[in-house]
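Examining the three-dimensional arrangement
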Amino acid sequence: MGNTDTISVQATATSLRIVEELYERDGAGVTELADTLDVSKSAVHNHLSTLCALGYVKNAGGTYELTHRFLRIGFGTRERNPVYRAAQSEIRMLARNTNAVANLVVPEAASAVYLHRIGAREHPVPVGGSVRLHAAAAGKAILAFRSADAVDEYVGRHGLDPKTDRTVTDPATLRSELRSIRDRNIAFDRGELDPDWQCVASPIVVDGDPVGAVSVSGPSDEMQGKRLEEDTAGLVSSAAKTIELELL
């Protein structure tokens, strides 16, 4: 790669860092962005000017904010996902039948992305947000149906960083749990993603490929015991199977 190509790649990375920072801060000024990202103010201004010209950022009296143009890309990408199209009615029914939060999660590299959700409660991970596969029931359900080599690569490359003190961080323990998940088609998260939440998930597997997972979650004092491990688990597994059939 030549020098010019390297500069172009770095410029693209800086623009995306600026976009992400604007999202996290709900708007920011040039100086604030420059200090946070350790980039010169003139460079930040140039990136912002380009993003404004393209319609992705607006200048509100010196505070730069993201525009709604990103909605078209985000929603459009989701609508094109066949798993999302197949799962919408099942997620809706699952939320109604369990009176809890129902999620559709899809894998993206080492992460579990929360693609769709029905439920009134605020979830620890927003729609569009992601978490490492090993740290959530839906992610473990997906990871369980990857090959042993793929799991080894995941652990070796990304590690098993904890989200809470209950997150599985020992590779041997994780592999043992993944075998159990594969046998039962059900994964549990008992405070591993958030100490106050519990969750049950089932994978969506098409032609041997784990293309997603269905999960139901709720506060630990409500989502526990028979409700979690039998009633909700059965409904989640049934929903995942129905989605699989829709995708065939």
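In what follows, the accompanying structure is described. (Residues numbered from 1 in each chain as written. Predicted model: local features only at pLDDT ≥ 70, side-chain atom pairs only at ≥ 80, totals over all residues. Heavy atoms only, no water.)

A short note on the nonpolar core
Ranked by internal contacts, the top residues of the largest apolar core, which has 30 residues, are Tyr114, Val131, Leu143, Tyr154, Leu174 and Leu178. Secondary-structure elements contributing two or more residues to this core are strand E4 (111-118), helix H6 (137-143), helix H7 (148-158), helix H8 (171-184) and strand E7 (197-206). By residue number, the principal contributor to this core is H6, which donates five residues. Ignoring sequence-local partners within four residues, the contact set of Tyr114 consists of Asn103, Leu104, Val105, His123, Val125, Pro126, Val127, Gly128, Gly129, Val131, Ala136 and Leu193. (Core = buried A, V, L, I, M, F, W, Y, C linked by side-chain atoms within 4.5 Å. Buried < 20%, exposed > 50% of the residue type's maximum accessible area, 1.4 Å probe, protein only. Helix = DSSP H or I, 4+ residues; strand = E, 2+ residues; numbered from the N terminus. Contact = heavy atoms within 4.5 Å.)

Things to note about the pairing of strand E8 (residues 209-219)
Burial of E8 is extensive: nine of the 11 residues sit out of reach of the surface. In terms of strand pairing, strand E3 (residues 101-108) meets E8 through five bridges, oriented antiparallel. Across the sheet, Val105 pairs through a bridge with Ala213, a residue of E8. Where E7 and E8 come together, 10 bridges link them in antiparallel fashion. When the sheet's bridge partners are listed, Ala201 is paired in E8 with Ser215. Here E7 hands over to E8 after two residues, with Asp207 in that stretch at a positive phi of 55°. (Pairing = 2+ DSSP bridges.)

Remarks on the packing of aromatic side chains
Within this structure, the stated rule accounts for one aromatic pair. Between the aromatic rings of Tyr56 and Phe70, the centroid separation amounts to 5.1 Å while the plane-to-plane angle is 55°, which identifies the pairing as tilted. Separated by 14 residues along the polypeptide, Tyr56 in the loop between helix H3 (41-54) and strand E1 (57-60) and Phe70 in helix H4 (residues 69-79) bring together distant segments of the chain. Just above the ring of Tyr56 sits the side chain of Arg69; from NZ or CZ to the centre is 4.8 Å. Taking the ring centre of Phe188 as reference, the NZ or CZ of Arg190 above it sits at 4.5 Å. (Phe/Tyr/Trp six-rings, centres within 6.5 Å; stacked < 30°, edge-to-face > 60°. Lys NZ or Arg CZ within 6 Å of the ring centre and 35° of its normal.)

Thoughts on the sheet that holds strand E5 (residues 130-132)
Read across the open sheet, the six strands follow the order E5-E4-E3-E8-E7-E6; overall the sheet is antiparallel. This sheet does not close on itself; its edge strands, each paired only once, are E5 and strand E6 (187-190). With direction set aside, neighbouring strand axes in the sheet form an average angle of 30°. Pairing of E6 with E7 involves four bridges; the strand directions are antiparallel. (Axes fitted to C-alpha atoms, helices over the stretch in contact; angles between N-to-C directions.)

Thoughts on the layout of surface pockets
Empty space within the largest pocket amounts to approximately 1100 Å³. Considering the residues around the largest pocket, the lining is formed by 26 residues, among which Phe70, Gly74, Val127, Gly128 and Gly129 are closest to the centre. Residue assignment for the lining of the largest pocket shows that the elements contributing at least two residues are helix H1 (3-25), H4, E3 and E4. Broken down by element, the lining of the largest pocket gets its largest block of residues, seven residues, from H4. Split by residue class, the lining of the largest pocket holds 14 nonpolar, eight polar and four charged. (1 Å grid on protein atoms, 1.4 Å probe; cavity = no way out; pocket = protein on both sides within 12 Å on 5 of 7 lines; lining within 4 Å. Points joined across faces, edges and corners; volume = space filled by probe spheres on them. Nonpolar A, V, L, I, M, F, W, Y, C, P; charged D, E, K, R; others polar.)

Some details on the pattern of salt bridges
Counted according to the given criterion, the structure contains 11 salt bridges. Residue Glu222 is joined to Arg121 by a salt bridge in which the shortest nitrogen-to-oxygen separation is 2.8 Å. Of this pair, Glu222 sits in the loop between E8 and helix H9 (225-247) while Arg121 sits in the loop between E4 and E5, placing them 101 residues apart in sequence. Where Glu192 meets Lys140, a salt bridge forms, and the shortest distance between an N and an O atom there is 2.7 Å. Placement of Glu192 in the loop between E6 and E7 and of Lys140 in helix H6 is noted, with a sequence separation of 52 residues between them. Summarising the burial analysis for this pair, Glu192 and Lys140 share the class buried. Connected through shared salt-bridge partners, Glu21, Arg25 and Glu32 make up one network. (Salt bridge = Lys/Arg side-chain N within 4 Å of Asp/Glu carboxyl O.)

Brief notes about the environment of Val106
For Val106, the location among the structural elements is in strand E3. Once the C-alpha coordinates of Val106 and Ser130 are considered, the two residues, 24 residues apart in sequence, prove to be 9.4 Å apart. Excluding residues within four positions of it along the chain, Val106 makes contact with Asn81, Val83, Ser111, Ala112, Val113, Leu115, Ile142, Val211 and Gly212.

A word on the packing of helix H2 (residues 30-37) against H3
Following both chains from N to C, one finds H2 and H3 inclined at 115°, their axes separated by 9 Å at the closest point. Classified by chirality, the crossing of H3 by H2 is right-handed. Residues Val30, Thr31, Leu33 and Ala34 of H2 form the contact with H3, whose own contacting residues are Lys41, Val44, His45 and Leu48. For the contact of H2 with H3, the class distribution of residues is five nonpolar, two polar and one charged. (Left-handed = near helix turned anticlockwise from the far one by under 90°.)

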